[in-house]
Structure formats: C-alpha cells, structure tokens
Amino acid sequence: MSKRVMISIPVHEQPAVVENQLLNIQKFIPNSQVILHASADQPSFRPAIQQLVEKYPSFAYLNPISYPTYAEHEAACVTGLSSIHASSFQAVAHLDFDVWAINTSNDMMVREGVEQVFAQFSCAIQSQAVTASEYAFQDVVSQIRGHLPKANLFLKSSQEGSFYPKEVFRDVSATLQKMGEKIKGEEMYLPSLAVNLYPEL
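Residues numbered from 1 in each chain as written. Predicted model: local features only at pLDDT ≥ 70, side-chain atom pairs only at ≥ 80, totals over all residues. Heavy atoms only, no water.

**As for the nonpolar core**
By size, the foremost hydrophobic cluster in this structure holds 29 residues, and its most contacted members are W100, I144, F169, V172 and L176. For this core, the secondary-structure elements that each account for two or more residues are helix 3 (81-92), strand 4 (99-102), helix 5 (138-147), helix 6 (166-179) and helix 7 (186-197). (Core = buried A, V, L, I, M, F, W, Y, C linked by side-chain atoms within 4.5 Å. Buried < 20%, exposed > 50% of the residue type's maximum accessible area, 1.4 Å probe, protein only. Helix = DSSP H or I, 4+ residues; strand = E, 2+ residues; numbered from the N terminus.)

Written out as structure tokens, the structure reads:
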C-alpha cells in the first residue's frame with residue numbers, strides 16, 4: 001500500500017487555477033489529501049477557496065486561519081510560508097497520513113511516478129549547507145538555537161517540492177509555532193529544524 005500523503009499548498013491564485021491543481025493531484029497521487037491556506041490579503045478570496053474545498057470532501061481542507069502573505073521585496077512577493085505550513089499542519093494533524101509534502105499554488109508539474117518517490121524516500125529537501133557564521137543568516141541561527149541549543153547543522157532548501165515524515169513535521173511545526181509568526185530566512189527553518197530534531201534523516 002502506498003504512503004498516505006498530505007500536501008500543503010498556500011494559495012493566492014485564481015480558484016480555477018487551484019482547482020486544476022487539485023485535479024492533477026487526485027489523478028497522479030490518488031492516496032493523497034490537500035490542505036490549502038487562503039491568503040488574507042484579499043478579503044473576497046477565502047470564501048471562493050472555501051467553496052472550492054467543499055466540492056472535494058475528504059480530499060481538500062482549508063486552514064481555518066488566514067495569514068497575509070504579500071511582501072513587495074520578498075522572493076515572488078510572498079512571505080510567511082514557514083508559519084503557514086506549520087499552521088496548516090496543526091489543522092490536519094488529527095487526520096491519518098504518513099507524509100507531509102509542500103507545494104505551491106501555481107505548480108502544475110504533478111506527474112505519473114511521483115508516488116514512487118514518496119515510497120523510496122522518507123524525506124526530500126534541496127540541501128545546501130550554510131555555516132553558522134554566515135552573516136546574512138545570523139538571526140535565523142540564533143532563533144533556531146534559542147529553541148534547539150545544540151543545533152549545529154543549518155540547511156537551505158526551497159520549501160516547494162520538499163516532504164517530511166508526519167512525525168518529523170509534527171515536531172518542526174510545534175517548534176516553529178513557539179518562534180512566533182514573524183520569521184525571516186524562510187528557506188532555512190524547515191530543513192534546519194528537521195535535521196537537528198532528527199539527525200538520522
């Protein structure tokens with residue numbers, strides 16, 4: 001039996017685009033569910049996503065919390081993704097799944113064979129080691145060590161396309177939520193917390 005996958009997607013695209021993505025995921029990852037986060041930047045957006053979710057019961061869920069995501073000077077003008085994924089995980093943690101996967105709302109690249117990747121690997125990140133002395137990330141290193149004093153490995157990875165065992169992300173999510181909502185250096189938090197909490201990864 002293939003692993004059960006929960007896919008976290010922060011959405012800020014047109015609902016029709018999101019629905020096409022849901023249909024792709026249903027086709028190519030049949031043993032999956034999706035948790036969406038609707039950006040709080042457009043008040044009319046959440047009701048439209050809620051209507052979309054209601055069309056796919058027991059497959060699509062909506063995070064009950066909406067965070068603002070627009071930031072002019074951030075990559076793709078989006079911010080707060082680590083906090084969003086942590087919050088979305090908490091919203092569905094009671095459901096039965098094995099893998100927590102992260103995607104983006106404008107990604108149509110869901111293809112045949114992706115289930116074999118989940119079966120073969122327990123975790124996937126684009127790992128790039130970062131030394132603790134790199135100036136640009138000193139605040140991130142300090143914040144992580146504030147919660148994990150023995151942290152000694154810091155990684156950068158785009159969040160999209162990464163995945164973790166459920167039990168790993170449960171602890172990553174709990175640690176992130178202790179840090180608060182305003183965190184920077186998005187690409188460092190999830191992989192760095194994961195490998196320091198679970199060195200065997």
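Structure shown, so let's carry the discussion forward.
**Looking at the environment of A151**
The residue A151 is located in the loop between helix 5 and strand 6 (154-156) in this model. By relative accessible area, A151 is classed as buried at 3%. When the C-alpha atoms of A151 and V141 are compared, they prove to be 8.6 Å apart, with 10 residues separating the residues in sequence. If we skip the residues at most four places from it in the chain, A151 touches I144, R145 and N196. (Contact = heavy atoms within 4.5 Å.)

**With respect to the pairing of strand 4**
Burial along strand 4 is two-sided: the residues V99 and A101 and W100 and I102 are all buried. As paired elements, strand 1 (residues 5-11) and strand 4 share 4 bridges and run parallel to each other. Directly across from I7, in strand 4, lies its bridge partner A101. Relative to strand 7 (residues 163-165), strand 4 runs antiparallel, the two sharing 3 bridges. If you follow V99 over to strand 7, its bridge partner there is P165. (Pairing = 2+ DSSP bridges.)

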